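One letter stands for each residue in the lines below.
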Amino acid sequence: MSQSESLIISGIEASIKRDSLTPLLRSFALALRLLPNPSHNSSTLFSCDSFCEKHLAWQLDALKAIKELGIKKVNFLNLPASHYITAFPNQKEFLNIANTNNIIRINRELVDVQTNQSLNVEKLISHQDNMFNISNKLTELYIKLNPICWKSFHINKFPFHELALRDLSLTYKCSPELALDPKSSFYKIYTISCLANIWLLSLLIQEDSIGQLCIAMSNYTATNVFRFFCNQTGRTVRMFNPAIPELKELVFGNIDVMNFTESPNSTVFLTHPSNTTQLDSITISPKIINKLDMYLGERFQGIGTHTYSVSTETTNDSTKIVESFINKTKENKGQVVSLYTSSPDEVVGQEMGIRHDYIDLSYLNKPPFPDQENWILDVIEYFENNRKNDLLIIRFHPRLAADKRGLPESPYLKQFWETILERASKSNNVKLIHPSIAISSYWLGFKSDLILNGWSTIGLEFALSHKLVTNAFYKCALGGAPGIAVHLSTPALASTSNYFYRLDKILKNLDGSIKTNYSNEVIDYNEAAKSYIVHAFAGVVPLKDKHLLRSQLANPILLTPTLISLLEQN
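Let me begin by describing the structure that accompanies this report.

This brings us to the overall build of the protein. Across its full length, the protein carries 24 helices and 11 strands. For 570 residues, the compact-globule estimate of 2.2 N^0.38 gives 25 Å, and the protein sits close to it at 25 Å. Expressed as lengths along the three principal axes of its C-alpha atoms, the size of the protein is roughly 80 × 55 × 40 Å. A buried classification covers 60% of the 570 residues belonging to the protein. Once local pairs closer than 6 in sequence are excluded, the contacts in the protein between residues at least 24 apart make up 76%. With the model as given, the accessible surface of the protein reaches about 23,400 Å², and the carbon-plus-sulfur share is 50%. Computed over 55 positive and 54 negative side-chain charges, the separation of the two mean positions in the protein equals 2 Å.

As structure tokens, this is what we get:
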């Protein structure tokens, strides 16, 4: 039995005896400190999602490119179960992992069915056999420990338990408030997620082949456990992302590229003045604009990996009802305004990630609204009191409903929907579209005179379609706003009244009551194109270019030479 294994088992036994997690957490802290330094000329690619064949192929491509850099030893740490168990809303499968030996069984089954062997690597598994002792002890701990003990535990002052909240946020679309309520059905999922994350951390501590340079894909919870382990043990971590497959194929063709960054949340620095100043000086390439037009054509048809909206050609009774409201408003010379919400569960994941990475966003402004809900309620009040002849249509993000990726309806949605519904029902000129209603978000935007966007990329897509779009949250630290570089030369909104002054100015120009220049108040077409490409390809390098790849792994930057040349090419 190794020293670290002995420490962890002793900590588990003491925690069972005392009905407290404290001894276990102390044993983890000590085990992390006592781990030997890894070899500097070694690298490890961590895979928690190789059960997805596309992801495995991308990971093997990255692994091959890193091997070709001349690193003496490159390992593939393959633990698909660590993401699988939290990636799908299968309650029965999830509850099975309360017996942690089932995680080992699931992992072996997932590895056995992998068929992609595009790279000749050793058997794609980790040394898991030595985990049975710890797994049995962890199961005993979970059964005997008071569930409330899992709440708010920290390892070396890091809020480790919050990683489980990402599972609930991104998979079950559940807000932390609901998950942390012991009376909620999600509380057991939260505690089991904590158990799974502790199990994974135990395995990582036992794995003696993890190198100095560590590479991982995507922002999954299991990946964040791995990143925590690396940060605690002095390893260098780099994240990679294959970007949007459909857009990558259009822009780069057959050239293999990957986006490499320091953390999944590094993209928030796209709005740092050093980056926005550089972006502002670039004239976007017509070639890239043509590629974007082709890509958006598919998006509008409901095609694409991350497209939640149905096709613009979809018609049904709901579409006809909304169209009748639109036509009536236009007959009365009113403006049709659509407001698009972002998905709150993604907001939670991003804000937690920024906090966990200790990212300093002090260069950003305070948001003009405390959150999306207050923005929506205030906009409703504005239209009710000031724009009675106009129509406001609020399109709730389709992801909040049961979506095409098999994820369930958000438990947060009911409360959110009822609050807004109650407020909107008092206004004759405000209509709501529930996330589950199959109305194309794009169709609605094309029928509108003005798009009110929070920070979602749909705002960029409409701006690229020559629609008037203005963002409520930009140059501020809220949700995904720090990662969307728009309104580059426009001063940030200083207050709520500042936002409504902007809105008033745009609408009065549209109805002809005033004639002033409002070009800075809406998203410029060219900056939308730049922002869209930069958002999709931040940190991009060709895998065949050893010099650029080595440089990016050593010192990740967002606006890589590849990305800048892409924006400027003729």
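Turning next to the sheet that holds strand β9 (residues 450-453). The sheet built from 5 strands is open, its strands ordered β8-β7-β6-β9-β10 with parallel pairing. Edge strands, defined here as strands with exactly one partner in the open sheet, are β8 (430-433) and β10 (469-471). The mean angle between the axes of side-by-side strands here comes to 20°, regardless of whether they run parallel or antiparallel. The pairing of β9 with β10 spans 3 bridges and is classified as parallel. Bridge pairing links L452 to T470 in β10. Packing of helix α15 (residues 317-331) onto the sheet brings it into contact with β6 (336-340), β7 (391-395) and β8, and relative to β7 it is tilted by some 155°. On top of the sheet, helix α21 (residues 496-510) reaches β6, β9 and β10; it is set at about 165° to β9, its chief contact.

Note on aromatic pairs: each is described by the distance of the centres and the angle between the planes. Counting across every chain of the model gives 29 aromatic pairs. Ring centres 5.1 Å apart and planes at 25° place the aromatic pair Y382 and F500 in the stacked group. Placement of the pair is Y382 in helix α17 (residues 372-386) and F500 in helix α21, with a sequence separation of 118 residues. As far as burial versus exposure is concerned, Y382 and F500 are alike and both buried. An aromatic cluster is built from F369, W375, Y382, F383, W455, F473, Y499 and F500, whose rings are joined through pairwise contacts.

This next bit is on the sheet that holds strand β1 (residues 42-47). Taken in spatial order, the 6 strands of this open sheet run β2-β1-β3-β4-β5-β11, and their pairing is mixed. Edge strands, defined here as strands with exactly one partner in the open sheet, are β2 (73-78) and β11 (540-542). The mean angle between the axes of side-by-side strands here comes to 30°, regardless of whether they run parallel or antiparallel. Two strands pair when backbone bridges link them, and β1 and β2 are joined in this way by 6 bridges, in the parallel orientation. Its bridge partner being in β2, T44 is matched across the sheet by N75. Helix-sheet contacts for helix α23 (residues 546-554) involve β3 (213-217), β4 (236-241), β5 (257-261) and β11, and the interaxial angle to β11 is about 145°.

In β9, alternate side chains face the same way, and those of L450 and L452 on one face and I451 and N453 on the other are all buried. For β6 and β9, the ladder comprises 4 bridges, and the chain directions are parallel. Paired with L339 across the bridge in β9 is L452. Chirality of the crossover, the property in question, places the unit of β9, helix α20 (residues 458-463) and β10 among those that are right-handed.

Right, let's talk about the environment of S218 for a bit. Along the polypeptide, S218 turns up in the loop between β3 and α11 (221-232). Between the alpha carbons of S218 and S531 there is a distance of 21 Å; along the sequence they are 313 residues apart. In contact with S218, other than residues within four places in its own chain, are T223, M239, F240 and P264.

Moving on, we get to the pattern of salt bridges. The full count for this structure, using the stated rule, is 13 salt bridges. Between R355 and E162 there is a salt bridge; the shortest N-O distance is 2.9 Å. Note that R355 is positioned in helix α16 (residues 344-356) and E162 in helix α8 (residues 162-170), a separation of 193 residues in sequence. R355 sits in the partly exposed class, given a relative accessible area of 44%. Between R387 and D511 there is a salt bridge, with its nearest N and O atoms 2.9 Å apart.

Topologically, H40 is positioned in the loop between α2 (22-34) and β1. A relative accessible area of 69% means that H40 is categorised as exposed. Spatially, the C-alpha atom of H40 lies 7.5 Å from that of L213, the residues being 173 residues apart in sequence.

Right, let's talk about helix α7 (residues 132-144) for a bit. Along its 13 residues, α7 runs 18 Å from first to last C-alpha, staying within 8% of the 18 Å computed at 1.5 Å per residue. Taken residue by residue, α7 has I134, S135, L138, T139, L141 and Y142 as its buried positions. Around the axis of α7, the buried residues are gathered within 160° of arc, so they sit on the same side. Structural note: α7 exposes I143 and K144 on the side pointing more than 90 degrees away from its buried face. Buried positions along α7 lie against α1 (3-18), α2, α6 (101-112) and α10 (186-206).

Over its 15 residues, α21 extends 21 Å from the first C-alpha to the last, a length consistent with the 21 Å expected when each residue adds 1.5 Å. Of all the positions in α21, only Y499, F500, R502, L503, K505, I506, L507 and N509 are classed as buried.

Okay, a positive patch on the surface next. Judged by side-chain charge, K64, K544, K546 and R550 come together as a positively charged surface patch. Note that K64 resides in helix α3 (residues 53-67). A relative accessible area of 40% places K64 in the partly exposed class.

The next point concerns the side chain of H161. Looking at the secondary structure, you find H161 in the loop between α7 and α8. For H161, the contacting residues outside a window of four places in its chain are W150, K151, S152, F153, Y190 and C194.

Rules used in this analysis
Residues numbered from 1 in each chain as written. Predicted model: local features only at pLDDT ≥ 70, side-chain atom pairs only at ≥ 80, totals over all residues. Heavy atoms only, no water. Helix = DSSP H or I, 4+ residues; strand = E, 2+ residues; numbered from the N terminus. Rg over C-alpha atoms; globule rule 2.2 N^0.38 Å. Buried < 20%, exposed > 50% of the residue type's maximum accessible area, 1.4 Å probe, protein only. Contact = heavy atoms within 4.5 Å. Areas by Shrake-Rupley, 256 points an atom, 1.4 Å probe, with all protein chains shown as cover. Lys, Arg positive; Asp, Glu negative; His and termini not counted. Charge placed at Lys NZ, Arg CZ, Asp CG, Glu CD. Pairing = 2+ DSSP bridges. Axes fitted to C-alpha atoms, helices over the stretch in contact; angles between N-to-C directions. Phe/Tyr/Trp six-rings, centres within 6.5 Å; stacked < 30°, edge-to-face > 60°. Right-handed = clockwise from strand over helix to strand, strands pointing away. Salt bridge = Lys/Arg side-chain N within 4 Å of Asp/Glu carboxyl O. Expected span 1.5 Å × (residues − 1). Arc of directions from axis to C-beta. Patch = residues over 30% accessible without salt bridge, like charges linked within 9 Å, V, L, I, M, F, W, Y side chains within 5 Å.

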